[in-house]
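# Descriptive analysis of the structure
For reference, the chains in residue letters:
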Amino acid sequence: MGKKELKFNSKAIHGGQQPDAAYGAVMPPIYQTSTYAQPTPGGHKGYEYSRGANPTRTALENAVASLENGKFGMAFGSGMAAIDAVMKLLGPGDEVICTSDLYGGSYRLFKGIYEKFGIKFWFSDMVDMDELSSHINTKTKLIWVETPTNPLMNIVDIKAVSEISKANKLLLAVDNTFATPYLQRPLELGADIVMHSATKYLAGHSDVVVGALVVNKKTLADRLYFIQKSSGAICGPMDSFLTLRGIKTLHVRMQRHCENGELVAHYLENHPKIDTVYWPGFEHHPHHKVAKAQMSGFGGMISFVPKGGKYKDAIQIVEKLRIFTLAESLGGVESLVGHPASMSHGSIPKEEREKKGVVDALIRLSVGIEDIEDLITDLEQALK
């Protein structure tokens, strides 16, 4: 069977991969080198300097592209470096429309850096397509989507947004970090660019910081490869190797993340001390139908607000948790808990945060792959 025909679970292990040409190594070797010998000037074997390309990084780029059913992949030193590369497609005077419920790091990059270079950012909840369209003018060049959003788990209809982007000849980029290609493949839904903080679910073990982009169009890929090589924000061979190793178990990890996430979401929904639970798997979630249509599951990310909505109650809960580790990041095998207002979204002004629903009492869970009974017991003791 050709690799293009492989199902996702097989593709996670074999997609885009070949045994090492030198000795047939099953896992791509760690090419811990900065440069490559050339018998004659320009006569290299495809690699000349590791900022431009490295065989271990190439293996990772091919694997991520395969997972997204894309043609071209590129790996970076972080998810933010990958987003930064996309922003460098733009110039002064260009405008971007992005999801209003946005990761704090993305907001900081957009408003704190690129706005100073003359790029304007509009924010839309992307529920009403007419409202989204109202922000489009001759200067608009890009629509930036997160779905599910961080941290309120809103869902954006990628197909509907892609129809608007195509009609107006705009680029559509989708941050697919929360869903992963196991649950959702934006290129198949009309996106031009898919971005991952591969630090999270793709690598899956909280031991690397890596970003990735995947595209289908060669002209767009060439522009991004040029930016990648010129700016140099690439990931090293060891991080590439570790991310590749993580990808090989993505399918089995995501299955357990989804199973545990569902049980934790329902536990919190029925708990007398919890006011609101944000998880797209609930039928009463405002975007449940869209999530069900474009995703094959609902993931392991959940946010909630304790009854009364008091900051001190939220802090007390996160400090009492034992198996859920209080830490930045998400998507690892271990369960993590975060307080978005002071952690992942601390760079967004309080007034802006609260307008979008990121209140001081909001708690975000990244549900890991531990035994579900232990996770529920941990939540139970923290909520007493």
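Before reading further, recall that the structure is shown in the block above.
I will try to describe carefully the structure that is included in this document. As the structure is a computational prediction, the values presented were derived from the model and not from experiment.

Right, let's talk about the packing of helix α3 (residues 79-87) against helix α4 (residues 104-112) for a bit. Two elements in contact, α3 and α4, have axes whose closest approach is 11 Å; the angle formed by their N-to-C orientations is 35 degrees. For α3 against α4, the interelement crossing comes out right-handed. Where α3 abuts α4, its residues Met 80, Ile 83, Asp 84 and Met 87 lie against Gly 105, Ser 106, Leu 109 and Phe 110. Within the contact of α3 with α4, the residues separate by chemical class into five nonpolar, two polar and one charged.

The next point concerns the sheet that holds strand β1 (residues 72-76). In a beta sheet, neighbouring strands are held together by backbone hydrogen bonds and run either parallel or antiparallel to one another. Ordered in space as β1-β7-β6-β5-β4-β2-β3, the seven strands form an open sheet in which the pairing is mixed. Only two strands of the sheet have a single neighbouring strand rather than two, namely β1 and β3 (120-124). The sheet shows a mean angle of 20 degrees between the axes of neighbouring strands, taken without regard to direction. Pairing of strand β2 (residues 95-99) with β3 involves five bridges; the strand directions are parallel. Among the inter-strand pairings, Thr 99 is bridged to a residue of β3, identified as Ser 124. Relative to β1, helix α2 (residues 55-67) is tilted by about 125 degrees, and along the sheet it contacts β1 and β7 (211-215).

Reading guide: rules and limits
Residues numbered from 1 in each chain as written. Predicted model: local features only at pLDDT ≥ 70, side-chain atom pairs only at ≥ 80, totals over all residues. Heavy atoms only, no water. Axes fitted to C-alpha atoms, helices over the stretch in contact; angles between N-to-C directions. Helix = DSSP H or I, 4+ residues; strand = E, 2+ residues; numbered from the N terminus. Left-handed = near helix turned anticlockwise from the far one by under 90°. Contact = heavy atoms within 4.5 Å. Nonpolar A, V, L, I, M, F, W, Y, C, P; charged D, E, K, R; others polar. Pairing = 2+ DSSP bridges.

In short, geometric facts, not functional conclusions.
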